[in-house]
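# Remarks on the overall topology
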Amino acid sequence: MTARNLPNFVSLALVLTALSASAQEQVLDPAAVRHRLFSPGERLEASFTVGLPAREYLTAHYNLNAGLAYNFFNTLGVEARAGYALSRHTGLARSISESFLAREDKKITDELEDMWEMNLHGVVGARWAPIYGKLSLLADETAHFQAYLWAGGGLASLRRQSIIQCSQVGDRDVGACSQWRVETRMAPVATGAAGFRFFLANGHALRFELRDWVFADQYRVNVQREDWEAGRESGEPAPNPGFTHLVQFDIGYSFIF
C-alpha cells in the first residue's frame, strides 16, 4: 500500500464501520431493545383475586380477595388484601367422621390436625418483582411479564367443626351426627406467594400466584367419648400442635392507575 492510497483506505474503513453500526441498530431496535410495555412505579393498583385449592386433605378453601397496592418503584410495592374464604369439609373428612361415629370400641381418641377453616381475613405485605421479561407467543406477539415474591401477615377468623366430637348422635349405625362440636377464634395469619403478572395494555394485568396461608393449629387430645356425647368438656390441648398450611393457586386481575 502506497502513501497515496492510505487516505482512501482509511475513508473506506470508516464508511464500512458506519454502515455496520447502522445495520446492527436496525436489526436490534425493534426486536431486542424494546422498552417496557408498562411501568407500574409510583402508581396505585387495585386487584381482584380468586384462590383455588392447590391441594386438599380434610378441608377445602375457595378464596375471594380484593387488594389495594402502591408501587413505590417498578420492582417494589406494598399491598393490603382482604377477603373471605368459602370453606368446607372434604369427602375424606366426612368419611372419617361417619366411620368413627359408627365404631363402639373407640372410647378415647385425639382430635385430627388441620381442621380449622379460614373465613374473613385481612393482610398487608410487600411485593418484590426483580425480574421483568418477555415471551414470544406468536410471530409478531410478545407477552411482557414480571416475576415477583410476596410476603406479609395479618388476622383471620377461623372456624373448626370437629369430625370426632358429636354431642348429639343422630344414627350411630350409619355414622350420622345431629350436632358436632364447633369452635371459632381470631388468630394471626402469615402468607407468602410466588407469582407472575402479565401486562395486557397500559394499566391492565393478569396475575397468577402460588400462595400459602399459614396459622397456628389447635386441637385436643385424650378426648373421652362418654364425656363429649354427654356435653361435657374432655381432653386437653395438644402440646405441640404445629401450623396449618392452606396452599392455593390464585388467578387475578389488576388495574394500575
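Within every chain, residues take consecutive numbers counted from 1 along the sequence as written. This being a predicted model, a pLDDT of at least 70 is required before a residue's local features are given, and a value of 80 or more before pairs of side-chain atoms are given or counted; all residues contribute to the totals for chains, interfaces and linings. With hydrogens and water set aside, each side-chain value is computed from the structure's full complement of heavy atoms.

## A look at the layout of surface pockets
The following threshold applies: In this analysis the probe radius is 1.4 Å and the grid spacing 1 Å, with only protein atoms considered; a cavity is a set of points the probe fits into but cannot get out of, a pocket is an open set with protein on both sides within 12 Å along at least five of seven lines, and lining residues have an atom within 4 Å of a point. Grid points are joined across faces, edges and corners, and a volume is the space filled by probe spheres set on the points. Helix numbers and strand numbers start at the N terminus; a helix is a DSSP run of H or I with at least 4 residues, a strand a run of E with at least 2. Three classes are used: nonpolar for Ala, Val, Leu, Ile, Met, Phe, Trp, Tyr, Cys and Pro, charged for Asp, Glu, Lys and Arg, and polar for all others, with Gly counted as polar.
Quantified by volume, the largest pocket comes out at close to 170 Å³. Together, 14 residues line the largest pocket, and Arg55, Tyr57, Thr59, His245 and Leu246 are the ones closest to its centre. Residue assignment for the lining of the largest pocket shows that the elements contributing at least two residues are β2 (59-71) and β12 (243-256). Sorting elements by how many residues they give to the lining of the largest pocket places β12 first, with five residues. Split by residue class, the lining of the largest pocket holds six nonpolar, five polar and three charged.

## Concerning the confidence of the model for the protein chain
Detailed reading of predicted coordinates is not advised where the pLDDT is low. Put simply, the rule reads: The pLDDT value tells you how sure the predictor is about a given residue, anywhere from 0 up to 100. Every residue pair with non-hydrogen atoms within 4.5 Å of one another is taken to be in contact.
Across the protein chain, the average pLDDT comes to 86, with 85% of residues at 70 or higher. Scored below 50 in pLDDT, residues 1-10 shows two contacts in the model against residues more than four places distant or in partner chains. Low pLDDT, under 50, characterises residues 12-33; the predicted model gives this stretch four contacts beyond four residues in sequence or across chains.

## Looking at the nonpolar core
Selection rule: Here the nonpolar core consists of buried residues drawn from Ala, Val, Leu, Ile, Met, Phe, Trp, Tyr and Cys, with membership extended through side-chain atoms lying within 4.5 Å. Any residue under 20% of the maximum accessible area for its type is buried, any over 50% is exposed, and the rest in between are partly exposed; the area is computed with a 1.4 Å probe on protein chains only.
Residues Met118, Leu158, Val189, Trp213 and Phe215 are the most contacted members of the largest nonpolar core, which totals 13 residues. Mapped onto this core, the elements with two or more residues apiece are β5 (116-136), β6 (142-171), β7 (176-201) and β8 (204-216). Among residues more than four places away in sequence, those in contact with Met118 are His61, Asn63, Ala85, Ser87, Ala156, Ser157, Leu158, Trp213, Phe215 and Leu246. Counting eight residues, the second-largest nonpolar core is a separate cluster that includes Ala93, Ile163, Ile164 and Val223.

## Digging into the pairing of β12
Stated formally: When DSSP finds two or more bridges between a pair of strands, those strands are recorded as paired.
Alternating positions in β12 separate cleanly, Thr244, Leu246, Gln248, Asp250, Gly252, Ser254 and Ile256 being buried on one face and Phe243, His245, Val247, Phe249, Ile251, Tyr253 and Phe255 remaining unburied on the opposite face. As paired strands, strand β1 (residues 43-53) and β12 are joined by nine bridges and run antiparallel to one another. By the bridge assignment for β12, Pro53 is matched with Gln248. With 13 bridges joining them, β8 and β12 adopt antiparallel strand pairing. Paired with Phe208 across the bridge in β12 is Ile251.

## Some words on the state of the cysteines
Short version of the rule: The disulfide definition used here is simple: a pair of cysteine sulfur atoms within 2.5 Å.
Enumeration according to the criterion identifies one disulfide in this entry. The disulfide partner of Cys166 is Cys177, and the S-S distance across this bridge is 2.1 Å. Between Cys166 and Cys177, the S-S dihedral sits near 100°, and the bridge is therefore right-handed. Highlighted residues: Cys166 in strand β6 and Cys177 in strand β7, separated in sequence by 11 residues. Given the relative accessible area of 18%, Cys177 is considered buried.

## Regarding the packing of aromatic side chains
Where we set the bar: What counts as a ring pair is set by centres within 6.5 Å for rings of Phe, Tyr and Trp (its six-membered ring), and what kind of pair is set by the plane angle: stacked under 30 degrees, edge-to-face over 60, tilted for all other angles. A positively charged side chain is recorded as over a ring if its NZ (Lys) or CZ (Arg) lies within 6 Å of the ring centre. The angle to the ring normal must also be within 35 degrees.
A full pass over the atoms with the stated rule returns eight aromatic pairs. Taken together, a centroid distance of 5.7 Å and an interplanar angle of 40° make the contact between Phe145 and Phe198 tilted. In this pair, Phe145 is assigned in strand β6 and Phe198 in strand β7, connecting sequence segments 53 residues apart. Through a chain of ring-to-ring contacts, the aromatic side chains of Phe145, Phe196, Phe198 and Phe208 assemble into a single cluster. Here Arg127 stacks its cationic end above the ring of Tyr148, 5.8 Å away from the centre of that ring. Here the guanidinium or amino end of Arg225 rests over the ring plane of Phe100, the centre of that ring lying 5.3 Å away.

## Digging into the environment of Leu101
Assignment of secondary structure puts Leu101 in helix α2 (residues 91-101). When its relative accessible area of 1% is taken as the criterion, Leu101 is described as buried. Considering only alpha carbons, one finds Leu101 and Arg225, 124 residues apart in sequence, at a separation of 9.8 Å. Once residues lying within four places of it in the same chain are set aside, the contact partners of Leu101 are Cys166, Val169, Arg172, Gly175, Ala176, Cys177, Trp180, Arg225 and Glu229.

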